[in-house]
Number of protein chains: 2
Amino acid sequence: MQIIKYPERSEWASILSRPVFDTSALNSTVGAVLDEIKTRGDKAVFEYEERFDKVKLSSLAVSREEIEASVSLVSEELKAAIRLAKENIKTFHHSQIFESKKIETTQGVTCWQKAVAIEKVGLYIPGGTAPLFSTVLMLAVPAKIAGCKEIVLCSPPGKDGKIHPAILFAAKEAGVDKIFRIGGIQAIGAMAYGTQSVPKVYKIFGPGNQYVMTAKQLVSLRDVAIDMPAGPSEVQVIADDTANPAFVAADLLSQAEHGADSQVILTTTSEQFIADVLQEIEQQLVELPRREIAEKALLNSKLILLKDNSEIIDMTNQYAPEHLIIETSDYMNIADQVINAGSVFLGHYTPESAGDYASGTNHTLPTNGYATAYSGVNLDSFVKKITFQKITKDGIRNLGPAIEVMAENEELYAHKNAVTLRLKE
Amino acid sequence: MQIIKYPERSEWASILSRPVFDTSALNSTVGAVLDEIKTRGDKAVFEYEERFDKVKLSSLAVSREEIEASVSLVSEELKAAIRLAKENIKTFHHSQIFESKKIETTQGVTCWQKAVAIEKVGLYIPGGTAPLFSTVLMLAVPAKIAGCKEIVLCSPPGKDGKIHPAILFAAKEAGVDKIFRIGGIQAIGAMAYGTQSVPKVYKIFGPGNQYVMTAKQLVSLRDVAIDMPAGPSEVQVIADDTANPAFVAADLLSQAEHGADSQVILTTTSEQFIADVLQEIEQQLVELPRREIAEKALLNSKLILLKDNSEIIDMTNQYAPEHLIIETSDYMNIADQVINAGSVFLGHYTPESAGDYASGTNHTLPTNGYATAYSGVNLDSFVKKITFQKITKDGIRNLGPAIEVMAENEELYAHKNAVTLRLKE
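Residues numbered from 1 in each chain as written. Chains lettered and ligands numbered in written order. Predicted model: local features only at pLDDT ≥ 70, side-chain atom pairs only at ≥ 80, totals over all residues. Heavy atoms only, no water.

Trainee: Lay out the UniProt feature "binding site: Zn(2+)" (unreviewed entry) in chain A in plain terms, naming residues and giving numbers.
Mentor: Look at the UniProt record and you will see "binding site: Zn(2+)" (unreviewed entry) annotated at Q255, H258, D356 and H415 of chain A. The greatest C-alpha distance among the annotated residues, which extend across 161 residues, is 55.5 Å, indicating that they are dispersed rather than converging on a single site. Tracing the chain through its elements places H258 of chain A in the loop between α10 (245-256) and β10 (263-268). Residue classification places H258 of chain A among the partly exposed positions, given a relative accessible area of 35%. Contacts of H258 of chain A, omitting those with residues within four sequence positions, involve S233, R290, I293 and D356 of chain A together with L412 and H415 of chain B. (UniProt positions renumbered as here; feature names shortened; annotations may be inferred. Helix = DSSP H or I, 4+ residues; strand = E, 2+ residues; numbered from the N terminus. Buried < 20%, exposed > 50% of the residue type's maximum accessible area, 1.4 Å probe, protein only. Contact = heavy atoms within 4.5 Å.)

Trainee: So what about the relation of the copies chain A and chain B? Which residues, and what values?
Mentor: Superposition of chain A onto chain B requires a rotation of 180° combined with a translation of 0.0 Å along the rotation axis, giving an RMSD of 0.0 Å. Read as a symmetry element, the transformation amounts to a two-fold axis. Mapped onto chain B, 100% of the interface residues of chain A again fall at the interface, so both copies present the same surface. (Least-squares fit on C-alpha atoms with pLDDT ≥ 70 in both.)

Trainee: Could you give me a rundown of the pattern of salt bridges, with the residues and numbers involved?
Mentor: Within this structure, the stated rule accounts for 44 salt bridges over all chains. In this structure, K385 of chain B and D380 of chain A form a salt bridge, with 2.7 Å as the shortest nitrogen-oxygen distance. Of this pair, K385 of chain B sits in strand β14 (residues 383-391) while D380 of chain A is found in the loop between α15 (352-357) and β14 (383-391), placing the two residues in two different chains. With relative accessibility at 8%, the residue K385 of chain B sits in the buried group. A single salt-bridge network, built from bridges that share partners, covers E36, R40, K43 and E47 of chain A. (Salt bridge = Lys/Arg side-chain N within 4 Å of Asp/Glu carboxyl O.)

Trainee: Can you tell me about the packing of helix α5 (residues 76-94) of chain B against helix α7 (residues 165-174) of chain B, naming the residues and giving the values?
Mentor: Residues and elements named next belong to chain B. The geometry of α5 relative to α7 is characterised by a closest axis approach of 11 Å and an angle of 40° between their N-to-C directions. Relative to α7, α5 is oriented oblique. In this structure, the crossing between α5 and α7 has a hand that is right-handed. On α7, the residues touching L78, K79, I82, R83 and K86 of α5 are A166, F169, A170 and E173. Of the residues assigned to the contact of α5 with α7, the class counts are five nonpolar, no polar and four charged. (Axes fitted to C-alpha atoms, helices over the stretch in contact; angles between N-to-C directions. Parallel < 35°, antiparallel > 145°, perpendicular 65-115°, else oblique. Left-handed = near helix turned anticlockwise from the far one by under 90°. Nonpolar A, V, L, I, M, F, W, Y, C, P; charged D, E, K, R; others polar.)

Trainee: Residues and numbers for the packing of helix α6 (residues 133-146) of chain A against helix α7 (residues 165-174) of chain A, please.
Mentor: The description of two packed helices rests on the angle between their axes and on the distance between the axes. Residue and element names in this part refer to chain A. Packing of α6 against α7 brings their axes to within 9 Å, and their N-to-C directions diverge by 15°. It follows that α6 is roughly parallel to α7 by the angle criterion. As α6 runs across α7, the sense of the crossing is right-handed. Residues F133, V136, L137, A140, V141 and K144 of α6 lie in contact with α7, whose contacting residues are A166, I167, A170, A171 and A174. Partitioning the contact of α6 with α7 into residue classes produces 10 nonpolar, no polar and one charged.

Trainee: Report on unusual backbone geometry, specifying residues and quantitative values.
Mentor: One non-glycine residue with positive phi stands out, namely Y6 of chain A, at about 45°. Topologically, Y6 of chain A is positioned in the loop between β1 (2-5) and α1 (9-15). Despite not being glycine, A320 of chain B shows a phi value in the positive range, around 55°.

Trainee: Account for the sheet that holds strand β8 (residues 225-226) of chain B, naming residues and giving values.
Mentor: Whenever strands of a sheet pair, they do so through backbone hydrogen bonds, lying parallel or antiparallel. Residue and element names in this part refer to chain B. Spatially, β6-β5-β4-β7-β8 is the arrangement adopted by the five strands of the open sheet, whose pairing is parallel. The sheet is open, and its two edges are formed by β6 (178-180) and β8, each paired on a single side. For strand β4 (residues 120-124) and strand β7 (residues 203-205), the ladder comprises three bridges, and the chain directions are parallel. Each residue of the ladder has a partner; that of V121, found in β7, is K203. (Pairing = 2+ DSSP bridges.)

Trainee: Which residues make up the interface of chain A and chain B, and what values do they have?
Mentor: Listed as interface residues are 121 residues of chain A and, on the opposing side, 121 residues of chain B. Approximately 10,700 Å² of surface area, both sides summed, lies buried where chain A meets chain B, with 60% of it carried by carbon and sulfur atoms. Per-residue buried area on chain A facing chain B is highest for Y349, M406 and R422 of chain A; these three make up 8% of the total on that side. At the boundary of chain A and chain B, one finds six salt bridges. With its nearest N and O atoms 3.1 Å apart, the salt bridge here joins R422 of chain B to E327 of chain A. Our count for the contact surface shared by chain A and chain B stands at 70 residue pairs in polar contact (both at pLDDT 80 or more). The element best represented in the side of chain A that touches chain B is helix α16 (residues 393-409) of chain A, accounting for 10 residues. Residues belonging to the side of chain A that touches chain B are distributed by class as follows: 61 nonpolar, 36 polar and 24 charged. (Buried area = accessible area lost by both parts, 1.4 Å probe. Polar contact = N/O pair within 3.5 Å; in protein donor to acceptor, adjacent residues only side chain to side chain.)

Trainee: Please give an account of the confidence of the model for chain A that cites residues and values.
Mentor: Per-residue confidence for chain A gives a mean pLDDT of 96, with 100% of residues at or over 70. As a predicted assembly, this complex carries a pTM of 0.97 together with an ipTM value of 0.96. (pLDDT = per-residue confidence, 0-100.)

Trainee: Summarise the side chain of S155 of chain B; cite the residues concerned and give the values.
Mentor: Mapped onto the fold, S155 of chain B is located in the loop between β5 (150-154) and α7. S155 of chain B has contacts with I125, P126, I163, I167, F180, R181, I182 and G183 of chain B, leaving out every residue within four places of it along the chain.

Trainee: Before we move on, could you go through α10 of chain A and cite the residues and values that matter?
Mentor: Spanning 12 residues, α10 of chain A covers 16 Å between terminal C-alpha atoms, matching the ideal 16 Å at 1.5 Å per step. Of all 12 residues making up α10 of chain A, 11 are buried, and the element is well covered by its neighbours. (Expected span 1.5 Å × (residues − 1).)

Trainee: Run through the pairing of strand β13 (residues 343-346) of chain A, naming residues and quoting values.
Mentor: Alternating residues of β13 of chain A divide into S343 and F345 of chain A and V344 and L346 of chain A, and every residue in both groups is buried. Relative to β13 of chain A, strand β12 (residues 323-327) of chain A is paired through four bridges, and the arrangement is parallel. Bridging across to β13 of chain A, I326 of chain A finds its partner in L346 of chain A. Pairing analysis gives four bridges linking β13 of chain A to β14 of chain B, with the strands arranged parallel. Each residue of the ladder has a partner; that of V344 of chain A, found in β14 of chain B, is F388 of chain B.

Trainee: Tell me what's going on with the state of the cysteines, and back it up with residues and numbers.
Mentor: Residues and elements named next belong to chain A. Across all of its chains, the model carries zero disulfides over all chains by this definition. Of the cysteine sulfurs around C154, a residue in no disulfide, the closest is that of C148, at 16 Å. The class of C154 is buried, set by a relative accessible area of 0%. (Disulfide = S-S within 2.5 Å.)

Trainee: Could you give an account of the nonpolar core, with specific residues and numbers?
Mentor: Nonpolar side chains in soluble globular proteins tend to end up buried together. In terms of nonpolar packing, the biggest core is built from 131 residues, with V121, I179 and M406 of chain A together with V121, I179, F382 and M406 of chain B touching the most fellow members. Here this core takes 10 residues from helix α6 (residues 133-146) of chain B, the largest share from any one element. Discounting chain neighbours no more than four positions away, the residues touching V121 of chain B are A143, C148, E150, I151, V152, V201, K203, F205 and F382 of chain B. (Core = buried A, V, L, I, M, F, W, Y, C linked by side-chain atoms within 4.5 Å.)

Trainee: Which residues make up the packing of aromatic side chains, and what values go with them?
Mentor: Here the structure, examined in full by the defined rule, presents 10 aromatic pairs over all chains. Judged by centre distance (5.5 Å) and plane angle (10°), the ring pair of Y48 of chain A and F52 of chain A falls under stacked. Of this pair, Y48 of chain A and F52 of chain A both sit in helix α3 (residues 42-52), four residues apart, which is roughly one turn of the helix. Judged by its relative accessible area of 39%, F52 of chain A falls in the partly exposed class. For K102 of chain A, the ring lying beneath its charged end belongs to W112 of chain A, and the centroid distance is 4.1 Å. The ring of Y319 of chain B carries R18 of chain B above its face, with NZ or CZ at 4.0 Å from the centroid. (Phe/Tyr/Trp six-rings, centres within 6.5 Å; stacked < 30°, edge-to-face > 60°. Lys NZ or Arg CZ within 6 Å of the ring centre and 35° of its normal.)

Okay, structure coming up:
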């Protein structure tokens, strides 16, 4: 890890620069696979499953029996944990339900918004050695609360053609309708265009490798909405001398173990604290099963000593971290000044892993500085707000003359006429 | 206009298909201009202004004096209309301010969202013969309410190097900070990357021609968020025998005059009404200054006779119109069943032009069927919601064991350790 002491503001941008992540080189490869899925549907999906996931499938849809059977394959302990997490995610996202207000902007002119669920959504859950059942909950629970009518889930099968039972169990608990054993580009294509087996959806959510992300970007240009652009995961910790160096080290390492391209940043005004954290990191690293990955991530990572809280806040807002943990005595004072971040963890007993799994907040968050403009996934992500307006005869009398003047000045005379005819009546 | 009577459901998709709008052929041209702006900044902007807008500029920023001078160049009548529209847009968007709620999901675990303004936003206002001051209001008023600290506006200059005074006046009224006489791809590039004159922004809003849209899409892949993908404008009218054929004809024509690629659809269960509307369209068309444009748009447009309201509602939700006008006696009954639309206009005295200018709702809406997944621009478009969580010692005792189990099952042992250390303390 790099220790940086009192950097000049002019150096901040280069210190905070993220690992480069340019997927444009993949566009033509990924585009070609998407085209095949679009034109040949299921047949192409089966072929790519054989080629990329090394498995010859006989069906894409996971049967009801297979989903039911997952229940007995998951430990009681994990089932209870998943249920607890689900309840917290449900409680928090349920509190985000939009309440419509009717507003009379001018006498006789009433406007309102209505939040309506996106009818069909697709959730992508990556494969790999460990099953990401937590992401199933983070996407399916709010989709269900929003009222999405069709929730499609795709996840790559193992060599045995099966999806991990913990993923199936989480999907069943969350109420997912349709599960398909499809991974990678072919899964994104299937949900974007629809195939004989897989319904076309209107919005695709979920993480993935560079191929999946490139596919999501390409389909988002015309065919379907996506949750947000993606990049490597990252955490920033703000700590002072009241923080426990062991806790902070553990928090930094939980981000570092995500992937070799993860980025981890500590900002503090205490030089002693940096030394203490470094020592703790060394100790904890020894015990970590994913030590190699974490060590690679730490090469991109920085322990930064700054002059005061004002510098810390400015650097935070410039970095716009996906996760921000504030382990200081005055955490609320700092939190109030944060304007760019995905999810913020407050105080000494709020590790990032709480939000990753079970506090109730969503763990699908803007990386790569996108927190300057994007929210993390929340209930809004699964609805769109339709506006309505109702104008009475009195209302058009009040509003009409202004519309006529504006339409005339924009040289749109049919617009004007639509009002004039009503005023004349 | 094409009259279609009682089409089979299997034919709906082809009947409702939109004019094709494939900008991928422009990617390399537009990409090259963007690269120039990125690497050469202002110098490239000046060159492209000369090449594309045929004007040799001496400065890009519009001076305070020029903005102030716009006041005297706009008629009192238009100023009053702009102010009235501004107040209504302000009232409606102000009512959308997000109220944060703190939720205790588990004892000792408190989560909440905070809406924070996107710090820097860019608004693009197209040029052309008529000044689109209404779009200035639609974008700048909510940006101001949201609390965006830096609002940058770009609009192409005329041959005299000036932006139309009505645009400057609307910008001044809405409180826009920085106005630049830059159009097209070079404006999008300048706001996405920043130049010596133009600040880099985090999100770009606003309509434009195919070059502008392509530029917005390209920069949205990595550099900056955008409001939404775009396509030609469209309206659907649902009418019954209680509707006034002259009103409906005027409403259809106000969409048709927007552009030759606009699409206009009437759905009704009354054959007589179709005949009456056709006759009205013929009559009104004669008087229209933009008759040629409207006639071209009508070639893409359809008058569709359906069996019953249930068919009308299904077709509406399949089409997902940008604008939907419901001119029937039971408009609320139909409106309640609409799940895909941008903005809905209810009853006989609510023309689309009211929403285009002054009712208070936003006129930047999802076209091309994107209403299945996207909202129109609203106050949310100018903020992101940051999540916060605070866990007490008691809270981590309640939640910790479940996190440990889940982290272990996802094979993320550093995640687990961040909890274990806190539980042990």
